[in-house]
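Coordinates in review
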Amino acid sequence: MRQAFICTNTRQAVNLVTEIGRSGEGEVWSTDRPGLCAKIYHAYKADRIRKLEVMIAHPPRDPNAHLNHISFAWPQSLLQDRHGAIVGFLMPQINASVQLLDVYNPQRRRKVLPGFNWLYLHTTAMNIASIMWAIHEAGYVVGDVKPQNILVDNRALPAIIDTDSFQVRHPETHEVFTCPVGSEGFTPVELLGQNLAIVEQTEVHDRFRLAVIIYLLLFGDFPFKGRWCGEGDSPEPNELLRLGYWPYAPNSLIQPGPLTIPLSVVHPAVEQCFRQCFTVGHTDPSQRPTAQDWLKVLQVAVAGLTVCRRVRNHYYRASLGKCYWCDRKAKLGVDVFPAAHPSQLAWPLRIVATMRQQQKRIQRQVAALPRPQIPLPAWVQTGLRSIANRPASFPGPHPLAGWQGFQGGIQPLRQWLANIDYRQGLKQLGLVTVITIAIGMGLVLLSRSQMNREDIQLTVVGVGLLVGLVMVCLLWLRLLKQQN
Ligand SMILES: [Zn+2]
């Protein structure tokens, strides 16, 4: 534990516990104050402290406060050392979240957040727009929008960190504290090549960054990127951005790549917003859709999504009429929203998925069995094959399949019950009954003279039981064999 600092608000001691992160300007530590972490700067800068004071006095409204969610790690109070010098600040700690890169990148998403489908991505985009709107409403500019600065939790609720890099304007004195940093791919054309430390930005610049973030979420890649159709090598990404070359700009020398998800798969209103931002806004930045505009169209887009009948993890625009992700999988062999593993699903879905998986596993095992060495009667073989080739109209898992009781000797029976084909089973039962009656009748006819009525009844029941027992034993042996 590091030395204690003093919180300037409460005058209480704050101890640093473990280091969470480190950058060029400071370190972030967890503290002994529940839910709060501290940023400690490497060096003292007077204007930075004044900026923090303005931020602490004028926090934006948190659009997700009602959900018990913290949407931005906003500075809460300054921290001073033993000598009274300001060394950093306290802010809420964002827990159980992943970086935006793990959300929009299909490969990373598969590992980190499987099951985070297009509905979640739309919702994340919508929530980022709503947070950005609240920030702009309060007069701030995010400035350094980048995937590393946006964390997302499993409810698709984002949180913006590194808020002390925001551009801050004092509401009364109008003094501006700039955002001196920017990230490649997120800098609007009019700011390219400028010294950000002295440029006063507006929310219009953030509108471009927001559109790039939303594009990343919905399409998994940057907009100013694609297959170069001009002469020579493709220019640098920033040059493409400067030229306004994105795949859907008129006269663009960038065309969609083979794996590019087409713009037309999103809701037409969302598509229009992208065109408005990247094409119209390229020459007239004030025409870029605002955060509020994005919030509205994304709400409409989310309402217009529907779930695929084949893959539960596929959400697509219902007005397309069919699942785009299934089409894409068929054409390209790529599925960016593969069905999630059962362990990654909510528990009711997990049970159903586990049962289905178990059935499929047994089916595979039975199908892979060698032929039995003792030739079984044809009707038993047919029955066994019917277990292996369960028809598609199978009525669903037997209730016993989910039963977690005995795991030992009763397991094969349990699995057999879970996989039994009811129609084939009925046929077999009928066959066994007919054979039993036939044998019984034969015996009765043969020994009619010597047997009384009770003897006949006993014989019929006995033969029936015997046949049934033999059949069960054969099946049991077969199932025991497939277990090994
Ligand atoms: Zn689908």
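Use the structure listed above.
So, the sheet that holds strand 7 (residues 98-99)
Paired through their backbone hydrogen bonds, the strands of a sheet run either parallel or antiparallel. Read across the open sheet, the 3 strands follow the order 7-8-9; overall the sheet is antiparallel. Bordering the open sheet on either side are strand 7 and strand 9 (158-160), each of which pairs with just one other strand. Sheet topology places strand 7 next to strand 8 (residues 150-152); 2 bridges connect them, and they run antiparallel. From the neighbouring strand, V98 faces strand 8, where its bridge partner is V152. Across the sheet, helix 4 (residues 118-137) touches strand 8 and strand 9, and the angle it forms with strand 9 is around 40°.

Observations regarding the packing of helix 7 (residues 268-283) against helix 8 (residues 291-303)
Two numbers describe a pair of packed helices, the interaxial angle and the distance between the axes. Packing of helix 7 against helix 8 brings their axes to within 8 Å, and their N-to-C directions diverge by 150°. In terms of orientation, helix 7 and helix 8 fall into the roughly antiparallel class. Contacts from A269, V270 and C273 of helix 7 reach helix 8 at D293, W294, V297, L298, V300 and A301. Taken together, the residues of the contact of helix 7 with helix 8 break down into 8 nonpolar, no polar and 1 charged.

With respect to unusual backbone geometry
A positive phi angle, near 65°, is found at R11, a position not held by glycine. On the basis of neighbour count, R11 is assigned to the exposed category, with 8 C-beta atoms found within 10 Å. Positive phi outside glycine occurs at N68, with the angle close to 60°. Looking at the secondary structure, you find N68 in the loop between helix 1 (46-57) and strand 5 (77-80). Residue class for N68 comes out exposed when judged on the 7 C-beta atoms lying within 10 Å of it.

Cut-offs and rules
- Residues numbered from 1 in each chain as written.
- Predicted model: local features only at pLDDT ≥ 70, side-chain atom pairs only at ≥ 80, totals over all residues.
- Pairing = 2+ DSSP bridges.
- Helix = DSSP H or I, 4+ residues; strand = E, 2+ residues; numbered from the N terminus.
- Contact = placed C-beta atoms within 7 Å.
- Axes fitted to C-alpha atoms, helices over the stretch in contact; angles between N-to-C directions.
- Parallel < 35°, antiparallel > 145°, perpendicular 65-115°, else oblique.
- Nonpolar A, V, L, I, M, F, W, Y, C, P; charged D, E, K, R; others polar.
- Buried ≥ 20, exposed ≤ 12 C-beta atoms within 10 Å, placed from the backbone.

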